[in-house]
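# Fold and contact review
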Amino acid sequence: MKRLIFLGPPGAGKGTQAKILSDTYKIPHISTGDILRSAVKDQTPLGQKAQSYMDRGELVPDDLILDLIKERLNESDASDGWVLDGFPRNVSQASFLEELLKELNFAADYVLNLEVPDEILVERLLSRKRKDDNEDTIRRRLEIYHKDTVPVISFYRDRNILEVIQGDASMDTVTTSLKTVIEK
Ligand code: AMP
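In this report, the structure presented in the accompanying data block is examined.

Parameters at a glance
Residues numbered from 1 in each chain as written. Predicted model: local features only at pLDDT ≥ 70, side-chain atom pairs only at ≥ 80, totals over all residues. Heavy atoms only, no water. Helix = DSSP H or I, 4+ residues; strand = E, 2+ residues; numbered from the N terminus. Expected span 1.5 Å × (residues − 1). Buried < 20%, exposed > 50% of the residue type's maximum accessible area, 1.4 Å probe, protein only. Arc of directions from axis to C-beta. Near = heavy atom within 4 Å. Polar contact = N/O pair within 3.5 Å; in protein donor to acceptor, adjacent residues only side chain to side chain. Areas by Shrake-Rupley, 256 points an atom, 1.4 Å probe, with all protein chains shown as cover. 1 Å grid on protein atoms, 1.4 Å probe; cavity = no way out; pocket = protein on both sides within 12 Å on 5 of 7 lines; lining within 4 Å. Sits in = over half its atoms within 2 Å of the grid points. Nonpolar A, V, L, I, M, F, W, Y, C, P; charged D, E, K, R; others polar. Phe/Tyr/Trp six-rings, centres within 6.5 Å; stacked < 30°, edge-to-face > 60°. Lys NZ or Arg CZ within 6 Å of the ring centre and 35° of its normal. Points joined across faces, edges and corners; volume = space filled by probe spheres on them. Contact = heavy atoms within 4.5 Å.

### So, helix H5 (residues 91-103)
For H5, built from 13 residues, the straight-helix expectation of 18 Å at 1.5 Å per residue is met to within 8% by its first-to-last C-alpha distance of 19 Å. When we look at burial in H5, the residues that qualify are Gln93, Ala94, Leu97, Leu100 and Leu101. In a view along the axis of H5, the buried residues occupy a sector of 125°, so they form one face of it. Opposite the packed face of H5, turned more than 90 degrees from it, sit the exposed residues Lys102 and Glu103.

### Section: the site of the ligand
Around the ligand sit 15 residues in total, of which Thr32, Arg37, Glu58, Gly86 and Gln93 are the nearest. At 3.0 Å from an oxygen atom of the ligand is found a side-chain nitrogen or oxygen belonging to Arg89. One of the side-chain N or O atoms of Gln93 is found 2.9 Å from a nitrogen atom in the ligand. Considered on its own, the ligand offers 480 Å² of accessible surface; in the complex 96% of this is hidden by protein. Using a 2 Å cut-off from the grid points, one finds that the ligand occupies the largest pocket. The element that contributes the greatest number of residues to the shell around the ligand is helix H2 (residues 32-41), accounting for 4 residues. In terms of residue class, the shell around the ligand is built from 6 nonpolar, 4 polar and 5 charged.

### Points about the packing of aromatic side chains
Applying the stated criterion to the full structure yields 1 aromatic pair. Note that Arg56 overlies the ring of Tyr53, its terminal NZ or CZ placed 5.2 Å from the centroid.

### A closer look at the layout of surface pockets
By volume, the largest pocket amounts to about 940 Å³. As for the largest pocket, its lining consists of 47 residues, and the residues nearest its centre are Pro10, Lys14, Arg89, Arg128 and Arg130. Put simply, the parts of the chain that give the lining of the largest pocket at least two residues each are strand E1 (2-7), helix H1 (14-25), strand E2 (29-31), H2, helix H6 (118-126), helix H7 (135-158) and helix H8 (171-182). Counted by class, the lining of the largest pocket contains 19 nonpolar, 16 polar and 12 charged residues.

### Observations concerning the side chain of Thr175
Mapped onto the elements, Thr175 comes out in helix H8. In this structure Thr175 comes out as buried when scored by relative accessible area, which is 8%. Setting aside residues no more than four positions away along its own chain, Thr175 makes contact with Gln17 and Ile20.

Pasting the structure below:
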């Protein structure tokens, strides 16, 4: 049983690695970014509210995200593990998740922090060609990451479940490092 949380800046490779671990361990990959992008594509009420924040590289307000993650983690396929990618993005989301997992009698097994230097991130993001991957938005997303998401690293370090993995390596090397940590 694996309950994994990915942390790391935009462009660190969280999505790619989360997908690989999801296939390997047969657990759902839960990406709030993917859920939001699909809501925007379908122009659902959530998508309409989230779109302008995403286009600017800002975080979508917590009240749009918290219910969504609660519902997702209550689905039956999430009872035996999951890999969370893109959530929590700030300390209030991390506290919410902690309470939610307590209610469900779960705890996260590992918080995997993928470390990649900023200059490599910008390079990778610019080559990705996603709608919100232009230079201004990338800069804004990195700022938000440093301001809101970096404090989440200490939140989990204080709880002794943080593992730091160097994400500035080939995809296979990073996957191997992650599996070594998870399977130890
Ligand atoms: P991502 O695919 O994780 O890079 O997310 C893309 C965009 O979706 C972010 O820039 C935010 O606007 C929004 N987003 C994704 N996850 C969250 C979250 N947990 N809290 C707030 N906004 C989020």
